[in-house]
Amino acid sequence: MSVSKRPISHTVARAVSLALHPLLMAVWCVAFIMATDATSLVYTPQVKMFVIGAVFGMGCVVPLLVWAVMVLFGVAGPTDEMLKGPKSGLVCFLVAMSLLGCGGVFADFGLLFIIRKVVNTLAIVWIVECALQAVWPLSPHTTTLGAVVGIWWILLYVGNVALLPAFVGSIVATGALCTARIHLNPTTSPWRIIIGAVAGFALGATLFIVL
């Protein structure tokens with residue numbers, strides 16, 4: 001079906017999926033913490049730019065560049081298929097290692113301990129997704145967003161009331177993303193998408209506490 005003949009619902013679903021793409025979740029989460037009063041910590045503009053740039057570079061750009069090289073040499077398919085098929089586990093592992101490396105960069109900076117916990121939590125979530133690829137793969141989109149909702153819930157629970165709008169908004173966004181993924185993947189079991197959000201929430205909340 002050509003782009004011009006696709007229904008508007010398909011276009012909206014695609015836009016929601018792209019805006020809430022798994023590779024962007026760490027960036028959105030960290031950017032919100034750095035740009036608002038999500039914690040009691042105060043960051044200078046230089047620190048904010050460094051942290052957001054590091055998370056974007058290591059969590060998004062590096063995996064995309066590696067995948068582009070794989071596509072160039074015919075090892076993988078197009079970039080929009082990087083989270084599908086037998087090689088998706090490799091992508092999950094690659095993103096996880098990139099985020100763990102990013103967390104290692106922040107390890108020596110005490111003021112960035114919340115940021116380190118966020119990226120390490122999301123890294124482990126990606127590793128779990130990688131492990132599940134061979135068993136019962138869940139939707140990376142909803143699993144990763146669910147993990148972010150879990151992180152918001154823990155921060156809200158410990159008293160960061162400034163996160164309440166973000167927490168409510170992330171719940172709405174999760175519902176919209178589940179609907180979009182089900183619409184875009186009618187042959188995929190809806191339970192893989194819905195359970196991905198629930199499992200992501202449980203993983204995100206638990207890992208954020210223990211890491």
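Cut-offs and rules
- Residues numbered from 1 in each chain as written.
- Predicted model: local features only at pLDDT ≥ 70, side-chain atom pairs only at ≥ 80, totals over all residues.
- Heavy atoms only, no water.
- Helix = DSSP H or I, 4+ residues; strand = E, 2+ residues; numbered from the N terminus.
- Contact = heavy atoms within 4.5 Å.
- Areas by Shrake-Rupley, 256 points an atom, 1.4 Å probe, with all protein chains shown as cover.
- Polar contact = N/O pair within 3.5 Å; in protein donor to acceptor, adjacent residues only side chain to side chain.
- 1 Å grid on protein atoms, 1.4 Å probe; cavity = no way out; pocket = protein on both sides within 12 Å on 5 of 7 lines; lining within 4 Å.
- Points joined across faces, edges and corners; volume = space filled by probe spheres on them.
- Nonpolar A, V, L, I, M, F, W, Y, C, P; charged D, E, K, R; others polar.
- Axes fitted to C-alpha atoms, helices over the stretch in contact; angles between N-to-C directions.
- Left-handed = near helix turned anticlockwise from the far one by under 90°.
- Phe/Tyr/Trp six-rings, centres within 6.5 Å; stacked < 30°, edge-to-face > 60°.
- pLDDT = per-residue confidence, 0-100.

Draft legend 1. Spotlight on the overall build of the protein. In terms of regular secondary structure, the protein is built from eight helices and zero strands. Ordered by position from the N terminus, the helices and strands of the protein form the series α-α-α-α-α-α-α-α. Put simply, 72% of the contacts in the protein that link residues at least 6 apart link residues at least 24 apart. Taken as a whole, the protein presents about 10400 Å² of accessible surface, with 74% of it coming from carbon and sulfur.

Draft legend 2. Spotlight on the side chain of Thr174. Considering the arrangement of structural elements, one finds Thr174 in helix H7 (residues 164-184). Separated by 2.7 Å, the side chain of Thr174 and the backbone oxygen of Ser170 make a polar contact. Non-local contacts of Thr174, meaning those with residues more than four positions away in its chain, are made with Leu145, Val149 and Ala197.

Draft legend 3. Seen up close, the layout of surface pockets. Considered as a void within the structure, the second largest pocket measures approximately 220 Å³ in volume. In terms of lining residues, the second largest pocket is bounded by Leu20, Met25, Trp28, Cys29, Phe32, Leu145, Val148, Trp152, Ala166, Gly169, Ser170 and Ala173. Breaking the lining of the second largest pocket down by element, the ones donating at least two residues are helix H2 (22-35), helix H6 (140-157) and H7. Class assignment of the residues belonging to the lining of the second largest pocket gives a composition of ten nonpolar, two polar and no charged.

Draft legend 4. Region of interest: the packing of helix H5 (residues 113-132) against H6. Relative to each other, H5 and H6 sit at 145°, their axes nearing to 10 Å. By crossing handedness, the relation of H5 to H6 is classed as right-handed. The residues of H6 that touch H5, namely those facing Ile114, Val118, Thr121, Leu122, Val125, Trp126 and Glu129, are Pro140, Thr143, Thr144, Ala147, Val148, Ile151 and Leu155. Each residue belonging to the contact of H5 with H6 can be placed in one class, and the counts come to ten nonpolar, three polar and one charged.

Draft legend 5. Local environment of the packing of aromatic side chains. Applying the stated criterion to the full structure yields four aromatic pairs. Ring geometry for Phe50 and Phe106: centres 6.1 Å apart, planes at 80°, overall edge-to-face. One end of the pair, Phe50, is in helix H3 (residues 45-72); the other, Phe106, is in helix H4 (residues 88-106), and 56 residues separate them in sequence. Members of the aromatic cluster, each reached through a chain of ring pairs, are Trp153, Tyr157 and Phe201.

Draft legend 6. Geometry of the confidence of the model for the protein. Taken residue by residue, the protein gives an average pLDDT of 85. The fraction at 70 or more is 90%. Mean pLDDT in the protein bottoms out at H4, which sits at 85, and peaks at helix H8 (residues 190-210), which reaches 93.

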